[in-house]
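An overview of the molecular structure
Chain by chain, the residues run as shown.
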Amino acid sequence: MTIREAAESLRARRFSAVELTASAIARIERYNPKLNAFITVTAERAIERARQADSELAAGRDRGPLHGVPIAVKDLFATRGVRTTAGSRVYENYLPSADATVVEKLEAAGAVNLGKLNLHELAYGITSANPHFGAVRNPWNTEHSPGGSSGGSGAAVAAGIVYAAMGSDTGGSIRIPAGFCGTVGLKPTYGRVSRHGVFPLAYSLDHMGPLTRSVRDAAIVLNAIAGHDRRDPASSRHPVVDYVPDDGCGIRGLRVGFPDNFYFERLDGEVESAVRGAIARAEALGAEVKPVVVPDVAALNVVARVILLAEASAVMEPYLDKRDQFGADVLALLDQGCLLPAVDYVNAQRLRRRMQREFARLWSAVDCLFIPTTPNTAPAIGETTIRLGGREEDVRLATTRLVRGINALGLPALSMPCGLSASGLPISLQIVGPPFEEALILKIGAALEDGGVGIPPCPFPSR
Amino acid sequence: MAKARGLEVPDRDMDRIAGPLETLEEAFRPLAKDLKAEDEPATGFRAEETA
């Protein structure tokens, strides 16, 4: 069931928000011990909130499609009076005095927050094998990683526990778990969704967005959370629109860019085949697929890594004397960032602007890019290298290879499932658009979804 | 360099820091070589934001 279907059923009184929430809580109780997707469950608060949602609906106060719908947020978003750990030992007892803007907006839209989702420590990694709160497991195969850093968000949505989960994306952290867990994941344009009240990882790369069961559900959540926020210095005043695609929306005549270089190199064969299948489907639906040459994305990735290292270490430097409170992988990255010369950081930001200009030229030739979300399917938990194109690669670098540069460019990107591997793991397509064209990429995604691109619901827990 | 920076990094951790950082810098430095003086950074202070 999607958010839209749940909303219709709530209004038709087929079930109440309290019943819907109680059913979600029952799923948490049953499945969270296997998945470890939640760090904190706020069951009592959620039931109270659902009761209020029912009363409001009965009294004719309708807050929109999220009214009475169970959701959850990555444990990086501040929640008033509910501990917010950032997946770290350093913040394990932190009780915020106010909600993050996104949490406020979701509450105002009537969503029922079930709690705080597990993640890679400090959102600084892609496995969600959290050394302090335990590894999150992928509902498609619990021996495999859900990706990260928003791994709990991907797992909770894929396992059918919540209808939407909030994630953050600094170098792929929404799109990777969406890809590995077979959910939709939307990274909006930088500045489109407020970062206020969310633990920063890298100020100039952090983006907030939803993971959902369908493209239209992602649009429904974006409608609730998008917009200017004076409390976020990077927040944009670009006008918001209605992001929900019309029923029967089409992509006839749309110019889809199909990169000749970089994005289709060193892919797992099944990933390449599924993504090419989605592109062929877009063509069959009337889109014009145009080969394009993209600027040097390998260089862009290097630039993004320099920026990330420096900014993340600037944020966490005050805590670096407590070395035993960090996981080994995160500590190594924080140390690296501290040793990076300031000149490198400034030059990375200079290169970033230049590359942004080069990339912008693409949009005169095509309306969007179709690329894989990741070159691989979800690795097994604990796997540190994978073999792609005959070469052994570090899992973190391989998994972020096709997503990281998009953060440096600040472009909106949608990850949607487009196939399953022979071993039953999801494969995803990434649709990248020009700045603030979320409505366009969501329309394309919805048209593809309507046109049969997708995967069956996750069979968890039957596997 | 770590000591100069005030970082107390145990010797056993140095391998996990120095190797990856060196590789990254080897890839990054050539990119920065052809930057021109007029290439401004992507982050910038704007006086009106604090007004």
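Everything numeric in this text was worked out from a predicted model, so none of it was measured.

Comments concerning the overall build of chain A
The number of helices and strands found in chain A is 14 helices and 15 strands. In terms of overall size, chain A behaves like a compact globule, its C-alpha atoms giving a radius of gyration of 20 Å where 463 residues would be expected to give roughly 23 Å. Judged by the C-alpha coordinates and their principal axes, chain A covers about 60 × 55 × 45 Å. Scored against the burial criterion, the 463 residues of chain A give a buried share of 59%. Within chain A, contacts between residues separated by at least 24 positions form 77% of all contacts whose residues are at least 6 apart in sequence.

Some thoughts on the overall build of chain B
Each helix and strand counted, chain B has one helix and zero strands in total. Against the globule reference of 10 Å for 51 residues, chain B gives a C-alpha radius of gyration of 17 Å, more extended than a compact globule. Structurally, chain B occupies a C-alpha span of about 50 × 30 × 15 Å along its principal axes. Counting all 51 residues of chain B, 8% fall into the buried class.

Notes on the environment of Ile126(A)
All names here are of chain A. In this fold, Ile-126 is placed in the loop between strand 3 (112-117) and strand 4 (129-130). By C-beta crowding, Ile-126 is classed as buried, having 29 other C-beta atoms within 10 Å. Separated by 47 residues in the primary sequence, Ile-126 and Ser-173 place their C-alpha atoms 6.7 Å from one another.

A short note on the pairing of strand 3 of chain A
Residue and element names in this part refer to chain A. Burial runs high along strand 3: six of the six residues are buried. When strand 2 (residues 70-74) meets strand 3, the two strands line up parallel, connected through four bridges. Bridging from a neighbouring strand, Pro-70 pairs with Val-112 of strand 3.

Describing the sheet that holds strand 1 (residues 38-41) of chain A
Residue and element names in this part refer to chain A. If you walk across this open sheet you meet the eleven strands as 1-3-2-6-8-7-14-15-11-9-10, and the pairing is mixed. The open sheet terminates on both sides in strands that have one partner only, identified here as strand 1 and strand 10 (288-292). On average, adjacent strands in this sheet sit at an angle of 30 degrees to one another, irrespective of strand direction. Across six bridges, strand 6 (residues 164-169) lies against strand 8 (residues 207-212) in antiparallel orientation. When the bridges of strand 8 are listed, Ala-164 appears paired with Thr-212.

Overview of the confidence of the model for chain B
Scored by pLDDT, chain B has a mean of 84; 92% of the residues are at 70 or more. The complex model carries a pTM of 0.97, and its ipTM stands at 0.91.

Details of the interface of chain B and chain A
Each partner contributes residues to the interface: chain B has 22 residues there, and chain A has 23 residues. The class makeup of the residues in the side of chain B that touches chain A is 15 nonpolar, one polar and six charged.

Some details on the pairing of strand 2 of chain A
All names here are of chain A. Across the five residues of strand 2, five count as buried, placing the element largely inside the fold. In this sheet, strand 6 lies alongside strand 2 in parallel orientation, the contact comprising three bridges. Within strand 6, the position partnered with Ala-72 by the bridge is Ala-165.

Describing the nonpolar core
Residues and elements named next belong to chain A. Ranked by size, the top nonpolar core spans 148 residues in total, and within it Ile-71, Ala-156, Val-162, Ala-165, Val-303, Ile-307 and Cys-368 carry the most contacts. The dominant element in this core, judged by the number of residues it contributes, is helix 9 (residues 297-316), at twelve residues. With residues up to four places along the chain from it excluded, the contact list for Ile-71 reads Leu-106, Ala-111, Val-112, Asn-113, Leu-114, Val-162, Tyr-163, Ala-164 and Ala-165.

Details of helix 1 (residues 3-11) of chain A
Residues three or four positions apart in an α-helix share a direction because the helix packs 3.6 residues into each turn. Residues and elements named next belong to chain A. Turning to helix 1, its buried residues number three or more, namely Ile-3, Ala-6, Ala-7 and Leu-10. Buried residues along helix 1 cover an arc of 100 degrees about the axis, so they all sit on one side. Elements in contact with the buried residues of helix 1: helix 2 (17-35), helix 3 (43-58), strand 6 and helix 7 (215-225). Count one or two residues on from helix 1 and you reach Arg-13, which has phi positive near 60 degrees.

A word on the packing of helix 7 of chain A against helix 14 (residues 438-450) of chain A
A pair of packed helices is captured by two measures, namely the crossing angle of their axes and the spacing between those axes. All names here are of chain A. In contact at an axis separation of 8 Å, helix 7 and helix 14 are set at 155 degrees when each is read in the N-to-C sense. The angle between helix 7 and helix 14 places the two elements in the roughly antiparallel class. Contacts between helix 7 and helix 14 involve Val-215, Arg-216, Ala-218, Ala-219 and Leu-222 from the first element and Glu-438, Leu-442, Gly-445, Ala-446 and Glu-449 from the second. Considering only residue class, the contact of helix 7 with helix 14 consists of six nonpolar, one polar and three charged.

Re unusual backbone geometry
Residues and elements named next belong to chain A. The omega torsion of the bond from Gly-148 to Ser-149 falls at 10 degrees, within 30 degrees of zero and hence cis. Position of Ser-149 among the secondary structure elements: in the loop between strand 5 (134-135) and helix 5 (151-158). A cis amide bond links Phe-460 to the next residue, Pro-461, at an omega of 10 degrees.

Regarding the packing of helix 10 (residues 328-338) of chain A against helix 1 (residues 11-33) of chain B
As a packed pair, helix 10 of chain A and helix 1 of chain B sit with axes 9 Å apart at the nearest point and diverge in direction by 55 degrees. In terms of axis orientation, helix 10 of chain A runs oblique to helix 1 of chain B. Handedness of the crossing formed by helix 10 of chain A with helix 1 of chain B: right-handed. On the side of helix 10 of chain A, the interface is formed by Ala332(A), Asp335(A) and Gln336(A), while helix 1 of chain B contributes Asp13(B), Arg16(B), Ile17(B), Pro20(B) and Leu21(B).

Considerations on the environment of Ile386(A)
Residues and elements named next belong to chain A. Summarising the element assignment, Ile-386 is placed in strand 12 (residues 385-388). A residue is classified by how many C-beta atoms lie within 10 Å of it, and Ile-386, with 18 of them, is partly exposed. Sequence separation between Ile-386 and Val-294 is 92 residues; the distance between their C-alpha atoms is 25 Å. Leaving out residues up to four positions away in the same chain, Ile-386 has contacts with Asn-376, Pro-379, Glu-393, Val-395 and Ala-398.

Side note on the environment of Arg137(A)
Residue and element names in this part refer to chain A. Along the chain, Arg-137 falls in the loop between strand 5 and helix 5. Given 25 C-beta atoms within a 10 Å radius, Arg-137 is considered buried. Taking the C-alpha atoms as reference points, Arg-137 and Ala-155, 18 residues apart in sequence, are found 7.1 Å from one another. Ignoring any residue separated from it by four or fewer positions in sequence, one finds Arg-137 in contact with Lys-34, Leu-35, Asn-36, Thr-142, Pro-146 and Ala-155.

What counts as what
Residues numbered from 1 in each chain as written. Chains lettered and ligands numbered in written order. Predicted model: local features only at pLDDT ≥ 70, side-chain atom pairs only at ≥ 80, totals over all residues. Helix = DSSP H or I, 4+ residues; strand = E, 2+ residues; numbered from the N terminus. Rg over C-alpha atoms; globule rule 2.2 N^0.38 Å. Buried ≥ 20, exposed ≤ 12 C-beta atoms within 10 Å, placed from the backbone. Contact = placed C-beta atoms within 7 Å. Pairing = 2+ DSSP bridges. Axes fitted to C-alpha atoms, helices over the stretch in contact; angles between N-to-C directions. pLDDT = per-residue confidence, 0-100. Nonpolar A, V, L, I, M, F, W, Y, C, P; charged D, E, K, R; others polar. Core = buried A, V, L, I, M, F, W, Y, C linked by C-beta atoms within 7 Å. Arc of directions from axis to C-beta. Parallel < 35°, antiparallel > 145°, perpendicular 65-115°, else oblique. Left-handed = near helix turned anticlockwise from the far one by under 90°.

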